[in-house]
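# A look at the structure
Okay, here's what each chain looks like letter by letter:
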Amino acid sequence: QVRLEESGGGLVQPGDSLRLSCAGSGWLFSNLPMGWFRQIPGKDREFVAIISYSGGSTAYADSVQGRFIISRDNPKDMMYLEMKNLKPEDTAVYYCAANARGKDMSTLLRSVDYWGQGTQVTVSS
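Below you will find a few notes about this structure. This structure is a prediction, so every number in the text was calculated from the model and none was measured. (Residues numbered from 1 in each chain as written. Predicted model: local features only at pLDDT ≥ 70, side-chain atom pairs only at ≥ 80, totals over all residues. Heavy atoms only, no water.)

Here we come to the state of the cysteines. All told, the structure shown has one disulfide when counted by the stated rule. Each sulfur of the disulfide joining Cys22 and Cys96 lies 2.0 Å from the other. On the sign convention where negative means left-handed, the S-S torsion of about -70 degrees between Cys22 and Cys96 marks this disulfide as left-handed. A residue pair is termed long-range when its members are at least 10 positions apart, and Cys22 in strand E3 (residues 18–25) and Cys96 in strand E9 (residues 92–98) qualify at 74 residues. (Disulfide = S-S within 2.5 Å. Helix = DSSP H or I, 4+ residues; strand = E, 2+ residues; numbered from the N terminus.)

Structural data, given as structure tokens:
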């Protein structure tokens, strides 16, 4: 089984920083393009950031460009999302995502093969 598990969410104030982690198991982590998505109540799940299987390429949503950094550590089967200067509009459930080996990371923008269960991030003063 391919399993993804997020951690690191919590309650923070505007301007704070937070790091989310995604741990993989039952799969070859280095073969999979991956990404982060988020969903707030009443809205569709939206793209945040994606990363190629090797970590050599990344892409970000305009709303987080310059504030968030996606990275991965393949030998540790880990992916991260470093979030800086958090804003109230960043409040959402954040999901780790991956697609099957051989797919380009851009395919995550159309469909996702594997999802984590999500972790809540709340930004409030």
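If you walk across this open sheet you meet the four strands as E1-E3-E8-E7, and the pairing is antiparallel. Each edge of the open sheet is held by one strand with a lone partner, namely strand E1 (3–7) and strand E7 (68–73). Mean inter-strand twist for the sheet, computed between neighbouring axes without regard to direction, equals 15 degrees. Where E3 meets strand E8 (residues 78–83), six bridges bridge the pair, whose relative direction is antiparallel. In the sheet register, Arg19 faces E8, and the bridge partner there is Glu82. (Pairing = 2+ DSSP bridges. Axes fitted to C-alpha atoms, helices over the stretch in contact; angles between N-to-C directions.)

For the rest of this paragraph, the subject is the side chain of Asp90. Summarising the element assignment, Asp90 is placed in the loop between E8 and E9. Of note is the side chain of Asp90, whose polar atom sits 2.8 Å from the backbone nitrogen of Lys87. Those residues in contact with Asp90, other than ones at most four positions away along the chain, are Arg38, Arg67, Phe68, Asn85, Val121 and Val123. (Polar contact = N/O pair within 3.5 Å; in protein donor to acceptor, adjacent residues only side chain to side chain. Contact = heavy atoms within 4.5 Å.)

Attention shifts here to the pairing of E9. Every regular strand shows the same layout, with side chains that alternate between the two sheet faces. Among the seven residues in E9, six count as buried, and that is most of the element. Two strands pair when backbone bridges link them, and strand E4 (residues 34–39) and E9 are joined in this way by six bridges, in the antiparallel orientation. Residue pairing across strands places Met34 opposite Ala98, the latter belonging to E9. Relative to strand E11 (residues 119–123), E9 runs antiparallel, the two sharing three bridges. From the neighbouring strand, Val93 faces E11, where its bridge partner is Gln120. (Buried < 20%, exposed > 50% of the residue type's maximum accessible area, 1.4 Å probe, protein only.)

Moving on, we get to the pattern of salt bridges. Taken as a whole and judged by the stated rule, the model has five salt bridges. Its salt-bridge partner being Asp90, residue Arg38 comes within 2.9 Å of it at the nearest N-O pair. One end of the pair, Arg38, is in strand E4; the other, Asp90, is in the loop between E8 and E9, and 52 residues separate them in sequence. For the residue pair Arg38 and Asp90, the accessibility class agrees, reading buried in each case. For Arg67, the salt bridge goes to Asp90, with nearest N and O atoms at 2.8 Å. Placement of the pair is Arg67 in the loop between strand E6 (58–60) and E7 and Asp90 in the loop between E8 and E9, with a sequence separation of 23 residues. Side by side, Arg67 and Asp90 carry an identical accessibility label, which is buried. Sharing partners across several salt bridges, the network here consists of Arg38, Glu46, Arg67 and Asp90. (Salt bridge = Lys/Arg side-chain N within 4 Å of Asp/Glu carboxyl O.)

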